[in-house]
Amino acid sequence: MTASEAGANRRTWGLVAVAFIVIEGLGQQMRGPLLAEFQSTFGVDTALLGLVAPAGTVGFVLAVLGGGALLGRGRPKQFLLAGSTVMALAVLVVGLAPSFLVLLGGFTVRAVATGTFRAADKPVLSHLFAERRGRVLNLYELAWSIGAAAGPVLATLVLAVASWRVAYGLLFLLLVPIVVVVYRTPLSLPGRGEAPFTLDGLRVLSRRPAIVGMTLALVTSGGIEGAIFLWLPTYLRTAFDPATANLALSAYLVTYVPARAVYTLVVDRVGYLNLLVTAGAGVVPLFAYAFGMASGWGIVVAAVASGFFVAGLFPTLAAYGVSAAPEYSGPVNGLSLAASYAGGTVSPVVVGVVAANQGIQAGMQVLVLLAVVFFVVVAGLRVGSATGWTAA
């Protein structure tokens, strides 16, 4: 393969990863606006309807962890092809589902397929674009933000003219070209590529302060995002009508798009840890004000502004972890996703328990604690990097 051919091949795989993550963001954020349609179609009560969100979460986590651990023993293209193909079929099943049980099954299989693809996509990008890893991984997460912001819009537009099933038909049609390109495009990673992951490799990773710190920071940043996504509208309904409260969450998500564009441009110049410390320092006072001192529109302004800082936490931490152990980018990628999902799963429950006992404002102050813990962890990593006891 000539240099020009290698460059074209690299760009093709970059576009494949970006296209896939945009469609994943579309599918994730499309579910909320369609919940009422699912309930109307299948006649299920609200309690069962709540199973739509967590369907497949465990499967996704197991897929990214297992896929990441096995990536060095197989060919990454196999993971990408299997994940994209099964995801397309699962989306089609969701769109054609004759019962609510089949719908949940489709969502579950879709999550496992997504985890299989995502176990390989960022490791592949980190090898293909090693010299621009931070920028490329932030661009990747920027693409997810665009898809996520467009998801509710797509759902609304489809419902204005057709059934919710059409929305999933469109997702299926968007995924088919990705499957074709993945199947037809050769993939060869430069350098050593992925090292087979063994127990010795696990011991190596567990002893690296950078990996341990990344994991702790991702649990807290995932917790922040999970709680914001679920509880911000409820908190704002204490001061605003439901429509305004929901619109504020949309505004928060929209800030991810310009924020990740900025992080994409500056991360390689500023450095992972400097950027993370700066973002963490911005989140703490905004959360403290929004959920402890502000009232009325002050809450909205501070909460939405915090999205600019929160947006860069996950992609920058993931890139930092991969840079600390590039030979194990698959396992590190799986670990980063699992840690973020774990935090995002547990924190909304904690906020709910505190809110039930002490009120929603007290529950939202859990976010302030999470932000402080995040800042302490990344500041510790920064000090450790300066004194030489951490990697990357």
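The structure this text deals with has already been given above.
Predicted model only: the values in this text are computed from it and were never measured. (Residues numbered from 1 in each chain as written. Predicted model: local features only at pLDDT ≥ 70, side-chain atom pairs only at ≥ 80, totals over all residues. Heavy atoms only, no water.)

**Some points on the overall build of the protein**
Helices and strands together make up the secondary structure of the protein, namely 16 helices and zero strands. Counting over 392 residues, the protein shows a buried share of 52%. Long-range contacts, defined as pairs at least 24 residues apart, comprise 84% of the intrachain contacts of the protein with a sequence gap of at least 6. Of the accessible surface of the protein, which amounts to about 16100 Å², a share of 70% is contributed by carbon and sulfur atoms. Of the side-chain charges in the protein, 22 are positive and 13 negative, and the distance between the mean point of each set is 6 Å. (Helix = DSSP H or I, 4+ residues; strand = E, 2+ residues; numbered from the N terminus. Buried < 20%, exposed > 50% of the residue type's maximum accessible area, 1.4 Å probe, protein only. Contact = heavy atoms within 4.5 Å. Areas by Shrake-Rupley, 256 points an atom, 1.4 Å probe, with all protein chains shown as cover. Lys, Arg positive; Asp, Glu negative; His and termini not counted. Charge placed at Lys NZ, Arg CZ, Asp CG, Glu CD.)

**Description of the packing of helix α6 (residues 133-161) against helix α14 (residues 313-324)**
In a packed pair of helices, the relevant descriptors are the angle between the two axes and the axis-to-axis distance. Interhelical geometry of α6 versus α14 gives an angle of 145° and a closest axis separation of 9 Å. Here α6 runs over α14; the crossing is right-handed. Counted together, R133, G134, L137, N138 and E141 of α6 and F314, P315, T316, A319, V322 and S323 of α14 form the full contact between these two elements. Of the residues that constitute the contact of α6 with α14, the class distribution is five nonpolar, four polar and two charged. (Axes fitted to C-alpha atoms, helices over the stretch in contact; angles between N-to-C directions. Left-handed = near helix turned anticlockwise from the far one by under 90°. Nonpolar A, V, L, I, M, F, W, Y, C, P; charged D, E, K, R; others polar.)

**Overview of the nonpolar core**
In terms of nonpolar packing, the biggest core is built from 120 residues, with L103, Y168, F287, F291 and L367 touching the most fellow members. By residue number, the principal contributor to this core is helix α9 (residues 209-236), which donates 12 residues. Sequence-distant contacts of F287, that is, excluding residues within four places in its chain, are made with I224, I228, G292, S306, V310, L367, V368 and A371. (Core = buried A, V, L, I, M, F, W, Y, C linked by side-chain atoms within 4.5 Å.)

**Digging into the environment of G83**
Within the secondary structure, G83 sits in helix α4 (residues 76-96). Sequence separation between G83 and A339 is 256 residues; the distance between their C-alpha atoms is 21 Å. For G83, the contacting residues outside a window of four places in its chain are A113, T116 and F117.

**Notes on empty space enclosed by the protein**
Under the definition given, this model contains one cavity of 30 Å³ or more. The calculated volume of the largest cavity comes to roughly 40 Å³. The wall of the largest cavity is formed by W13, V16, A17, L80, F117, D121, V124 and L125. Elements with a contribution of two residues or more to the lining of the largest cavity: α1 (3-42) and α5 (100-128). In terms of residues, the lining of the largest cavity owes the most to one element, α5, which gives four residues. (1 Å grid on protein atoms, 1.4 Å probe; cavity = no way out; pocket = protein on both sides within 12 Å on 5 of 7 lines; lining within 4 Å. Points joined across faces, edges and corners; volume = space filled by probe spheres on them.)

**Overview of the pattern of salt bridges**
Tallied over the full model, the rule gives four salt bridges. Here E24 makes a salt bridge to R118, at a shortest N to O gap of 3.4 Å. Pair noted here: E24 is in helix α1 and R118 is in helix α5, with a separation of 94 residues, a long-range link. Considered together, E24 and R118 belong to a single accessibility category, that of buried residues. In this structure, E141 and R118 form a salt bridge, with 3.8 Å as the shortest nitrogen-oxygen distance. Here R118 lies in helix α5 and E141 lies in helix α6, a separation of 23 residues in the sequence. Overall, the relative accessible area of 3% leaves E141 in the buried class. Each of E24, R118, K122, E141 and R260 takes part in one network of salt bridges that share partners. (Salt bridge = Lys/Arg side-chain N within 4 Å of Asp/Glu carboxyl O.)

**Considerations on the side chain of D121**
Counting through the fold element by element, D121 comes out in helix α5. Buried within the structure, D121 lacks any salt-bridge partner; its nearest side chain of opposite charge belongs to R118, at an N-O separation of 4.5 Å. Polar contacts involving the side chain of D121 include one to the side chain of Y140, which spans 2.5 Å. Aside from chain neighbours lying at most four places away, what touches D121 is A17, L80 and Y140. (Polar contact = N/O pair within 3.5 Å; in protein donor to acceptor, adjacent residues only side chain to side chain.)

**Describing the packing of aromatic side chains**
In this structure the tally under the stated criterion is 16 aromatic pairs. Between F107 and Y168 the ring centres are 6.1 Å apart and the planes differ by 70°, which places this aromatic pair in the edge-to-face class. Of this pair, F107 sits in helix α5 while Y168 sits in helix α7 (residues 164-184); the two residues are 61 residues apart in sequence, bridging distant segments of the chain. Judged by its relative accessible area of 4%, F107 is buried. Their ring planes at 85° and their centres at 6.0 Å tell us that F308 and F309 sit as a pair that is edge-to-face. (Phe/Tyr/Trp six-rings, centres within 6.5 Å; stacked < 30°, edge-to-face > 60°.)

**Description of the environment of T255**
Tracing the backbone through its elements, the reader meets T255 in the loop between α10 (242-254) and α11 (256-270). Sequence-wise, T255 and A324 are 69 residues apart; in three dimensions their C-alpha atoms are separated by 29 Å. With residues up to four places along the chain from it excluded, the contact list for T255 reads V304, G307 and F308. From its side chain, T255 meets the backbone oxygen of Y252 in a polar contact 2.5 Å long.

**Thoughts on the packing of helix α12 (residues 272-293) against helix α16 (residues 360-387)**
Direction vectors running N to C along α12 and α16 enclose 160°, while the axes themselves pass 9 Å from each other. Classified by the angle their axes make, α12 and α16 are roughly antiparallel. Along this stretch, α12 crosses α16, giving a crossing that reads as left-handed. Residues of the contact of α12 with α16, tallied by class, amount to 19 nonpolar, six polar and one charged. (Parallel < 35°, antiparallel > 145°, perpendicular 65-115°, else oblique.)

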